[in-house]
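What follows is each chain in one-letter form.
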Amino acid sequence: MKKIEIACFNLESALIAQKAGADRVELCADMLVGGTTPIIETIQQARKHLTIDLYVMIRPRGGNFVCSEAEFEQMKLEIETIKKLGVNGFVFGILNKDKTINIEQNKVLVELANPFPCTFHRAFDEVLDYQQALEDVISCGFSTILTSGTFPNVMEGKEVLKQLVIQANNRIEIMPGGGLRSTNILELNEMVKANWYHSSAITDGSGLANSEEIVQLKKKLQS
């Protein structure tokens, strides 16, 4: 069964996502910078009202994905705190300055998050060698990579996404995301053959997930 994760930047979107049939919510704050760690109160409210899985983004700021020591300590503290709130997983990703995967820091965070699964987010799309980066992310212990195939959106990156799924060979989930809509999910799925797909399902400037868009994403994925 193919599944859909909805990126939600507020509690209202998370509730819409669940009602429309999403399989999982990725909760974050600050849509304009691609997502940051949401505040504790929002996580608590989401957990209170959601019965579907809830993954939480751990990212101290927008901008690049290189972490200072202070930011790394902040991420560790956030994981330790949010683990106690009944979430189901975490979403993060740290790069080195040369745009390779920071194996040391990521591995520490994955171990800290244990037993909860971790998704390496779209920091992956900045790497220069996606084949090596895939192996590095696997070695850190992540369960999923959220990626648009190192291109600005999933349709431009579909060839790379297909190659990543083949190379991953069920060792890790490759979850296409970035410009994924009900208008292109059918074509993408036929080519890439991933198990999970990721969308914000935002179709206007409201910042809210669109219920009908989620319904259509699910419908086309199951067709």
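A brief look at the structure comes next.

Thresholds, definitions, all that
- Residues numbered from 1 in each chain as written.
- Predicted model: local features only at pLDDT ≥ 70, side-chain atom pairs only at ≥ 80, totals over all residues.
- Heavy atoms only, no water.
- Helix = DSSP H or I, 4+ residues; strand = E, 2+ residues; numbered from the N terminus.
- Rg over C-alpha atoms; globule rule 2.2 N^0.38 Å.
- Buried < 20%, exposed > 50% of the residue type's maximum accessible area, 1.4 Å probe, protein only.
- Contact = heavy atoms within 4.5 Å.
- Areas by Shrake-Rupley, 256 points an atom, 1.4 Å probe, with all protein chains shown as cover.
- Core = buried A, V, L, I, M, F, W, Y, C linked by side-chain atoms within 4.5 Å.

Remarks on the overall build of the chain
Each helix and strand counted, the chain has eight helices and eight strands in total. Taking 17 Å as the expected radius of gyration for a compact globule of 223 residues, we find that the chain reaches 16 Å, a close match to that expectation. For the chain, the spread of C-alpha atoms along the principal axes amounts to about 45 × 40 × 30 Å. Across the 223 residues of the chain, 49% fall into the buried class. A sequence separation of at least 24 residues applies to 65% of the contacts in the chain between residues at least 6 apart. A total accessible area of about 9,900 Å² is found for the chain, and carbon and sulfur atoms account for 51% of it.

A few points about the nonpolar core
Nonpolar side chains tend toward joint burial in soluble globular proteins. Counting 61 residues, the largest nonpolar core has Ile 6, Val 25, Phe 90, Phe 92, Phe 120, Phe 142 and Tyr 197 as the members making the most contacts within it. Excluding its chain neighbours within four sequence positions, the residues that come into contact with Phe 142 are Phe 92, Asn 106, Val 110, Cys 118, Thr 119, Phe 120, Val 137 and Ile 172. Counting residues in each nonpolar core, the second largest holds seven residues, with Ala 7, Tyr 55, Val 91 and Ile 202 among its members.

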